[in-house]
Amino acid sequence: MTVNTALNVGWLVEAETERETLRSLIDWSALRQLGWDPNREIFAPTASDPVFGFAECATTGCEQVSDTNRWGLCGGCLTRWRRSCSEASLEEFCRTAPPRATKKIGGLCLVCRAPGHERPVHWQGLCGSCVSTMGQRGQDVAAYINGDDEFGAAVPRPSFGCCLVATCERWSAHREPALCETHYISWVRTGQHSRQTLAVWCARQRTLDYDGRTVVLRGLGERAQLEMLYGLWCRAQAERRTTPRVGQMVVNLLWAQGATAVVDLAVDHIHDERRLFVVFIRDQVRLATATPDSEAAKDDWDLRVFGRPGKGLHFGQIHQPWLKEAAKCWARERLDTVGAVGHLERIAQALGVLSESLDRHRPDRGCDPAELCRADMLAFSNDLAHLEAAGRLSRHGRGSLLRGVTQFMREARGMGLARPGGPLAGLPDHAILGPHDQVHSEHADSDDHPRALPQVVVDQLLSPAALDLLETNHGAEARAMVELEAEVGRRTGEVCGLRFGCLAFDEVLDETGRTRPAPVLIHDMPKVGIRSYHLPISEQAAGIIRAQQARVRGRYPDTPTSELALFPTTVKNPRGTKGSSVHHFGTFFRIWVDSLPDLVGPGGEPYERSAVIIYSWRHCYAQRHADSGTPIEVLAALMGHRQLSTTQGYYRVTQQRKRKAVDLLAKFQVDRAGERSRPALERLLEAEHLREAVGQVAVPFGICTNPTNVNAHGQACPFRHQCFGCSHFRSDPSFLPELR
């Protein structure tokens, strides 16, 4: 078998595999309900279909489909109305305008219409031959058909067959070439009269009977037809609006280019709906025919093949084959366990920077893992330090890259990738980055830079004037999203993904011992793997949800409430089942904040607008609970955190809470004589309060305020075990029973 023959066989097998895959993925019964007619090979959806539906022209008597314009008119009627716009309003034009003249097609000759004699109408209900004979005889139509004193009744002539154009359903009007009248005129105008070019010309002709209501797939090859049907089926599943006009435009493009598959169409020069639909079909066909093993062999992964959301995972920036293969093996295994795939992409980027460093510093460009050493890893670390010093890399970015490479090396070795036969085989154990090589980001004092918004700023953002401006510019739904986010402090994606039935009620006991309903918000926390979390909320938040439910129900009355989103997106969502996007929320929130009057801080100073982001509401929620005394373990559960340290990063210990803690302890502290050690602590300055809280060290039965001992962390007391007689000793209230 020659190489070309082998390639052809391989291509045929691959094409047949693709066709079988597409056949198995299409729900043919559901597709027929959408409008697919397998006998006629036409896709004809109903006008009311939420995805493929179309609108009739608003002009009375016009049978055309409305174009995508705000007037609801077809192209011809829109042109006629614009010409007469000064004389009639749109409503009057639609009511009184005469219908457009439509060309009747497909009619058969009154004489030549019996089976085997079909010929198309040319004039006055007769075919061209009958018209010519009638003119030669000097007869009218009735005399020609029925006969007169000189001539007998007309006899039907043999048919020329159907038009040679595969997509055309009309009868041929000519013997040579056997084309309908319209295609015959088009053929003559091309100036091509040879039989060799006729077949090619016919194969590229589009249907003439298209009216904007159907997609004619008749005559397409099996592969192209399956790709078109699969694309239409995927559009229905994704609820992405697609009119039959766009589908037929893509079919016409197939005929014009002579392509055998939609994926082979050249659309780089096209900038309309055709290109978008072709790109969508290509993406869906490629996704349907790809497998995890075939995708893993590529440098750019589509994570949807592995069942994960996300744009992709890229390894092209890694140049060393062994490092690239190890990164792919590591990522393939971690895909099943990691929560956010963005973490994997950051580590892949870190390995790309390591690859560039090996390219520069290694004589063999780092292609042999056995030659690597500790010096190569230090060179990588020094490169990052140089980039930070040059201002091309932040300190946080430098630390992230170092941690990414360290984590990869540790986990890859744990997966056995360094064993004989693995991609990291031969890599020395000392080619690592240790804990002392890491860089820790510098954080400012949380008291000076709190992440929660000051209450005075919150009051300005939630003032009626500010919220009215938000509703005026972006709608009532945008206002509801902001108010609800401020009330419940959820992650942005969790608010956008709320479902219609997210509001429920629990029974709680009030002060009188009677049960009353208490509202709860039911939502998912995908980031931490929690489903149907019940969050207690206020009556005000419940009222916001009820009002939004009423708006959504009015907008989508036919969709079951179990499928509705609470904040449905306005694009590609005809049934209201898809929630709003985080990007949409962030966009209108930023525009709204920037359009507000100048914000004022707690001291009357201008407050920086850039500090007001959507996530600030989550920090405000945590700060409110912390200030009201909510235990940290309860707050962690409300926030959906697995570790208490994560919750502690969402709020700060305010000076008021510090003062309260010191004051509460001070009134119980006594000195060696049994007298209160700080009777006037309430009058201390803030700085002295803070000094009281930190200028002490724990000792048996209390605390010690000796500066020398405090600086030495309790290891420099000159009077061991004699605290009760020391003037620096203060009692601890928790030991009062023992002190008595």
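Not measured: the values here are computed from a predicted model.

Enquirer: How do you make sense of the overall build of the protein when you look at a structure like this?
Expert: Per the secondary structure count, the protein includes 29 helices and 11 strands. Out of the 740 residues belonging to the protein, those deemed buried represent 42%.

Enquirer: Is there a simple way to explain the packing of helix 19 (residues 476–488) against helix 23 (residues 616–627) in this structure?
Expert: What describes two packed helices is the angle between their axes and the distance between those same axes. Between helix 19 and helix 23, the shortest axis-to-axis distance is 7 Å and the interhelical angle comes to 35°. Residues V482, E485, A486, E487 and V488 of helix 19 form the contact with helix 23, whose participating residues are W617, R618, Y621 and R624. In terms of residue class, the contact of helix 19 with helix 23 is built from 5 nonpolar, no polar and 4 charged.

Enquirer: Can you walk me through the sheet that holds strand 6 (residues 503–509) in this structure?
Expert: Sheets are built from strands that pair by backbone hydrogen bonding, the pairs being arranged parallel or antiparallel. The strand order across the open sheet built from 3 strands is 6-7-8, with neighbouring strands paired in antiparallel fashion. Strand pairing shows two members of the sheet lacking a second neighbour, strand 6 and strand 8 (530–536), which therefore form its edges. Each neighbouring strand pair of the sheet contributes to a mean axis angle of 40°, computed without reference to strand direction. Here 7 bridges tie strand 6 to strand 7 (residues 515–525), and the two strands are oriented antiparallel to one another. When the sheet's bridge partners are listed, A504 is paired in strand 7 with V520. Across the sheet, helix 21 (residues 539–555) lies against strand 6 and strand 7, angled at about 150° from strand 6, the strand it touches most.

Enquirer: How should the packing of aromatic side chains be read in this particular structure?
Expert: To describe a pair of aromatic rings, one takes the distance between the centres and the angle between the planes. Counted according to the given criterion, the structure contains 6 aromatic pairs. Geometrically, the ring pair formed by W301 and F306 is tilted, given 5.1 Å between the ring centres and 35° between the ring planes. Each of the two residues, W301 as well as F306, counts as buried. The ring centre of F280 lies 4.7 Å from the NZ or CZ of R235, which sits over that ring. Positioned over the ring face of Y621 is R490, at 5.4 Å from the centre of the ring.

Enquirer: Whenever I open this one, the environment of E388 confuses me. Can you help?
Expert: Within the secondary structure layout, E388 lies in helix 15 (residues 374–389). Along the sequence, E388 and R398 sit 10 residues apart, while their C-alpha atoms lie 7.1 Å from each other. When residues no more than four places from it in sequence are discounted, the contact partners of E388 are L393, S394, R395 and R398.

Enquirer: Honestly, a negative patch on the surface in this entry has me stumped. Any pointers?
Expert: A contiguous patch of negative charge on the surface is contributed by D140, D148, D149 and E150. Here D149 is to be found in the loop between helix 6 (141–146) and helix 7 (181–190).

Enquirer: What am I meant to see in the nonpolar core here?
Expert: Within soluble globular proteins, side chains that are nonpolar generally end up buried alongside one another. By size, the foremost hydrophobic cluster in this structure holds 52 residues, and its most contacted members are L461, L484, I537, F585, F589 and W592. Here this core gets 7 residues from one element, more than from any other, and that element is helix 19. Judged by nonpolar contacts, the second largest core, of 41 residues, contains L303, L344, I347 and L417.

Enquirer: It is not clear to me how unusual backbone geometry should be interpreted in this structure. Could you clarify?
Expert: Note: most residues except glycine have negative phi, and most peptide bonds are trans. In this structure, E41 takes a positive phi of about 60° despite not being glycine. The class for E41 is partly exposed, based on a relative accessible area of 24%. Located in the positive-phi region is S532, a residue other than glycine, with phi close to 55°. The class of S532 is partly exposed, set by a relative accessible area of 41%.

Enquirer: How should the pattern of salt bridges be read in this particular structure?
Expert: Once the charged atoms of two side chains with opposite charge are near each other, the side chains can pair. Enumeration according to the criterion identifies 34 salt bridges in this entry. With a shortest N-O distance of 3.1 Å, D272 and R274 are connected by a salt bridge. Accessibility expressed as a relative area gives 27% for D272, which makes it partly exposed. The class for R274 is partly exposed, based on a relative accessible area of 22%. A salt bridge links E477 to R555; the shortest N-O distance between them is 2.7 Å. Of this pair, E477 sits in helix 19 while R555 sits in helix 21, placing them 78 residues apart in sequence. Looking at E477, the relative accessible area reads 16%, which means it is buried. Here the salt bridges do not stand alone but share partners, grouping D283, R286, E295, K298, D302 and R304 into one network.

Enquirer: Even after reading the chapter, I still don't get the confidence of the model for the protein, so can you show me in this structure?
Expert: Caution applies to low-pLDDT regions: their predicted coordinates should not be interpreted in detail. The pLDDT averaged across the protein works out to 82; a share of 82% of its residues lies at or above 70. The model gives residues 444–449 a pLDDT under 50, and that stretch makes 6 contacts with residues more than four places away or in other chains. Note that pLDDT drops below 50 for residues 736–740; the model gives that stretch 5 contacts with residues more than four away or on any other chain.

Conventions and cut-offs
Along each chain, residues carry numbers from 1 onward, in the same order as the chain's sequence is written. Only residues with pLDDT of at least 70 get local features here, since the model is predicted, and only at 80 or more are side-chain atom pairs given and counted; chain-wide, interface and lining totals rely on the full set of residues. Only hydrogens and water are set aside; all other atoms, that is, all heavy atoms of the structure, feed into the side-chain values. Numbering of helices and strands runs from the N terminus; a helix is a DSSP stretch of H or I covering at least four residues, while a strand is a stretch of E covering at least two. Exposure categories follow from relative accessible area, calculated using a 1.4 Å probe and restricted to protein chains: below 20% of the type maximum is buried, above 50% is exposed, and the middle band is partly exposed. Fitted lines through C-alpha atoms serve as axes, helices being fitted only where they are in contact, and the angles separating the N-to-C directions of these axes extend from 0 to 180 degrees. The contact definition used throughout considers only heavy atoms, calling two residues in contact when any of these lie within 4.5 Å. Ten residue types, Ala, Val, Leu, Ile, Met, Phe, Trp, Tyr, Cys and Pro, are classed as nonpolar, four, Asp, Glu, Lys and Arg, as charged, and the remainder, Gly among them, as polar. The pairing criterion is simple: DSSP has to find at least two bridges between the two strands. Under the pairing criterion, centres of Phe, Tyr and Trp rings, with the six-membered ring standing for Trp, must be within 6.5 Å; the plane angle then separates stacked pairs below 30 degrees from edge-to-face pairs above 60, leaving the rest tilted. To sit over a ring, a charge needs its Lys NZ or Arg CZ within 6 Å of the ring centre and within 35 degrees of the ring normal. Surface patches are defined over residues having more than 30% relative accessible area and no salt bridge, joining like charges when they lie within 9 Å and nonpolar side chains (Val, Leu, Ile, Met, Phe, Trp, Tyr) when within 5 Å. All accessibility values rest on the Shrake-Rupley procedure with a 1.4 Å probe; residue burial counts only the protein chains present in the view. Every case where a carboxyl oxygen of Asp or Glu lies within 4 Å of a side-chain nitrogen of Lys or Arg is listed as a salt bridge. His is not counted, nor are the chain ends, whereas Lys and Arg count as positive and Asp and Glu as negative. Note that the charge is assigned to NZ on lysines, CZ on arginines, CG on aspartates and CD on glutamates. We define a nonpolar core as any set of buried Ala, Val, Leu, Ile, Met, Phe, Trp, Tyr and Cys residues linked to one another through side-chain atoms lying within 4.5 Å. One confidence number per residue, pLDDT, is output by the predictor and ranges from 0 to 100.

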